[in-house]
Amino acid sequence: MNCAVCGKTATSYNKQKQPVCSAHLKSEAKAPACPDCGLPMLVRHGKYGSFWGCMAFPSCSGIRKI
Ligand SMILES: [Zn+2]
Ligand SMILES: [Zn+2]
């Protein structure tokens, strides 16, 4: 099984029962919830700097400032 976020080998499941790698399981523990869909958010890096982006991106485009 592969991480639902990055596609690498997943080692466990998150609260949404999606397979995730250890890095993403850890990042979800402190992640805020998406204002649009409620899923955990991930740190993403855009040309204007870092921000929280919904883990369901691109199907959800919820973002928050870090
Ligand atoms: Zn991952
Ligand atoms: Zn979302």
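Remember, it's a predicted structure, so these values are computed and weren't measured experimentally.

How do you make sense of the overall build of the chain when you look at a structure like this?
The number of helices and strands found in the chain is 1 helix and 5 strands. Each helix and strand of the chain, ordered N terminal to C terminal, gives the series β-β-α-β-β-β. In terms of overall size, the chain behaves like a compact globule, its C-alpha atoms giving a radius of gyration of 11 Å where 66 residues would be expected to give roughly 11 Å. Projected onto its principal axes, the C-alpha coordinates of the chain cover approximately 30 × 20 × 20 Å. Every one of the 66 residues in the chain was classed for burial, and the buried ones make up 21%.

Can you help me understand the UniProt feature "domain: DNA topoisomerase type IA zn finger" (unreviewed entry) in the chain in this one?
The feature "domain: DNA topoisomerase type IA zn finger" (unreviewed entry), as given by UniProt, occupies residues 34-65 in the numbering adopted here. End C-alpha to end C-alpha, residues 34-65 measures 11 Å, and it is 0% helix and 44% strand.

I tried to follow unusual backbone geometry on my own but got confused; where do I start?
With the exception of glycine, the majority of residues adopt a negative phi angle, and the majority of peptide bonds are in the trans configuration. With an omega of 10°, the peptide bond between Phe 57 and Pro 58 qualifies as cis. One can find Pro 58 in the loop between strand S4 (49-54) and strand S5 (63-64). Here the phi dihedral of Lys 17 falls at roughly 65°; this positive angle occurs in a residue that is not glycine. Following the sequence through the fold, Lys 17 ends up in the loop between strand S1 (12-13) and strand S2 (19-20).

Definitions and limits used
In this numbering scheme, every chain counts its residues from 1 along its sequence in written order. Whichever chain is written first is A, and whichever ligand is written first is 1; the rest continue in order. Per-residue local features of the predicted model are confined to residues with pLDDT of at least 70, and side-chain atom pairs are confined, for both listing and counting, to 80 or more; whole-chain, interface and lining totals are unaffected and use all residues. The helix count covers DSSP runs of H or I at least four residues long, the strand count covers runs of E at least two residues long, and both are numbered beginning at the N terminus. The globule rule is 2.2 Å times the number of residues to the power 0.38, and the radius of gyration it is compared with is taken over C-alpha atoms. Burial is judged by counting the other C-beta atoms within 10 Å of a residue's own C-beta: 20 or more makes it buried, 12 or fewer makes it exposed, and any count in between marks it as partly exposed, with every C-beta position built from the backbone. UniProt positions are given in the numbering used here, feature names are shortened, and annotations may be inferred rather than shown by experiment.

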